[in-house]
Amino acid sequence: MANKKRMLGLIGFVGAGALALGLAGCAGGGNDGGDNGDGGNAGGDGELTTVGFVAVGPEGGWRNANEQAIKDAFTQDAGFDLKYAPAASPTDQKSQIDAFATFVNDEVDVILLTATEASGWEDSLELAQEAEIPVILLDRGVDASDDLYVTRIAPDNVNVAGTVGEWAVETFPEGANYFTLEGVPGLSVVNERNEGFDAAIEGASGWNKIGAQTANWTADEGKSVIETVLKENPDLQFVFAQNDEMGIGAAAAVTAAGLVPGEDVKIATIDGTTPALEALAAGELSFVAQYNPFFGDLAVDAVNSALAGDSVEKNIIVPGETFDSPEAAQAAIDEGKGF
Ligand code: AHR
């Protein structure tokens with residue numbers, strides 16, 4: 001794909017100050033004549049755009065939906081050869097760094113990265129920049145200069161967590177004794193969700209944080225942590241779970257303690273998976289904020305814009321919605337909004 005890289009070399013990497021262009025208006029392909037009209041790059045000679053996807057791999061309902069959405073968008077019919085590289089485990093950054101380096105060495109046209117850690121990516125990103133391979137972040141941010149990647153595509157974690165905090169302040173006008181179940185430590189989304197929730201309850205009176213602990217995005221750990229919390233804090237009123245699986249685990253802990261989730265202890269979660277919507281419909285969860293995983297088309301647009309040398313917004317925000325009652329949850333399930 002030499003022509004494409006030359007074009008990219010001429011344009012250079014999109015800097016942080018790049019003007020935002022509506023992705024809807026971006027040219028599809030914009031390559032050496034191979035645009036197949038679907039935006040991809042099935043060149044006249046049938047050459048596909050090679051996309052290296054440094055992924056997390058099997059982790060939970062949200063991850064499965066998000067990675068499938070990327071696979072569904074970057075098809076050969078759309079002009080892409082997607083090379084999927086899941087991490088050895090959801091916390092194994094080394095396997096991701098190795099896969100990233102392999103993609104650079106193989107001279108893929110573009111790299112998609114969903115990082116298992118926020119830090120430790122500078123060298124990899126500089127390697128890609130030297131090789132004139134654009135990098136697009138999916139979901140998770142990284143602690144590196146945004147000159148080293150084209151864009152980050154994700155829902156706004158601060159805003160999504162802010163909707164949880166706003167709901168909590170409305171639900172507990174006198175405040176509450178609460179506990180936060182966090183995702184895997186060191187992730188951008190964990191810090192952003194804490195930031196958004198804390199900002200939303202700031203200034204509201206009566207909010208007593210019993211504590212926070214990682215449950216590593218899993219239901220088992222969410223249950224285990226809240227079982228311990230309840231033994232030591234029988235006055236727990238509210239749990240902010242940073243994803244659905246941990247929240248569902250927390251609800252199981254509340255039930256195991258002889259209490260009623262949704263009444264004795266309310267639980268709010270982020271993601272919007274079908275099991276969470278079902279738990280909300282059943283009253284076991286009290287609030288679910290969708291963290292929309294379906295941004296494959298946005299990723300395709302961003303790839304095509306980057307390879308065409310067009311400017312791309314540094315942060316592409318994926319919209320979502322919230323669900324605050326059993327009726328809203330059931331309606332969402334009926335409308336197929338779960339995943
Ligand atoms: O980075 C997104 C988070 O990772 C999701 O909220 C969670 O379910 C996943 O493990």
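We now turn to the structure provided with this report. These numbers were taken from a predicted model, which means no experiment stands behind them.

## A few points about helix 2 (residues 61-73)
Compared with an ideal rise of 1.5 Å per residue, which puts 13 residues at 18 Å, helix 2 spans 19 Å between its outermost C-alpha atoms and is within 8% of the ideal. For helix 2, the complete set of buried residues consists of W62, R63, A65, N66, E67, A69, I70 and A73. Taken together, the buried residues of helix 2 touch strand 1 (49-55), strand 2 (80-86), strand 3 (110-113), strand 4 (135-138), strand 9 (266-271) and helix 10 (296-307).

## Focus on the site of the ligand
If you check the shell around the ligand, you find E59, W62, R63, D139, R140, V189, R193, W217, N243, D271 and Y291 and nothing else. In this structure, R63 approaches the ligand through a side-chain N or O atom, which is 3.1 Å from an oxygen atom. For the ligand, an oxygen atom lies 2.8 Å from a polar atom in the side chain of R140. Split into classes, the residues belonging to the shell around the ligand amount to four nonpolar, one polar and six charged. Residues lining the shell around the ligand come from more than one domain, with at least three contributed by each of domain 1 (2-154 + 293-308) and domain 2 (157-291 + 323-334).

## Details of the pattern of salt bridges
Overall, the coordinates contain 10 salt bridges when judged by the stated rule. A salt bridge links R63 to E59; the shortest N-O distance between them is 2.7 Å. Judged by relative accessible area, which is 3%, R63 ranks as buried. Judged by relative accessible area, E59 falls into the partly exposed class, the value being 24%. We note a salt bridge from K337 to E335, for which the minimum N-O separation is 3.2 Å. By relative accessible area, which is 28% here, K337 ends up partly exposed. Counted as one network, the salt bridges with shared partners bring together E59, R63, D139 and R140.

Reading the values: the criteria
- Residues numbered from 1 in each chain as written.
- Predicted model: local features only at pLDDT ≥ 70, side-chain atom pairs only at ≥ 80, totals over all residues.
- Heavy atoms only, no water.
- Helix = DSSP H or I, 4+ residues; strand = E, 2+ residues; numbered from the N terminus.
- Expected span 1.5 Å × (residues − 1).
- Buried < 20%, exposed > 50% of the residue type's maximum accessible area, 1.4 Å probe, protein only.
- Contact = heavy atoms within 4.5 Å.
- Near = heavy atom within 4 Å.
- Polar contact = N/O pair within 3.5 Å; in protein donor to acceptor, adjacent residues only side chain to side chain.
- Nonpolar A, V, L, I, M, F, W, Y, C, P; charged D, E, K, R; others polar.
- Domains from an automatic or database assignment.
- Salt bridge = Lys/Arg side-chain N within 4 Å of Asp/Glu carboxyl O.

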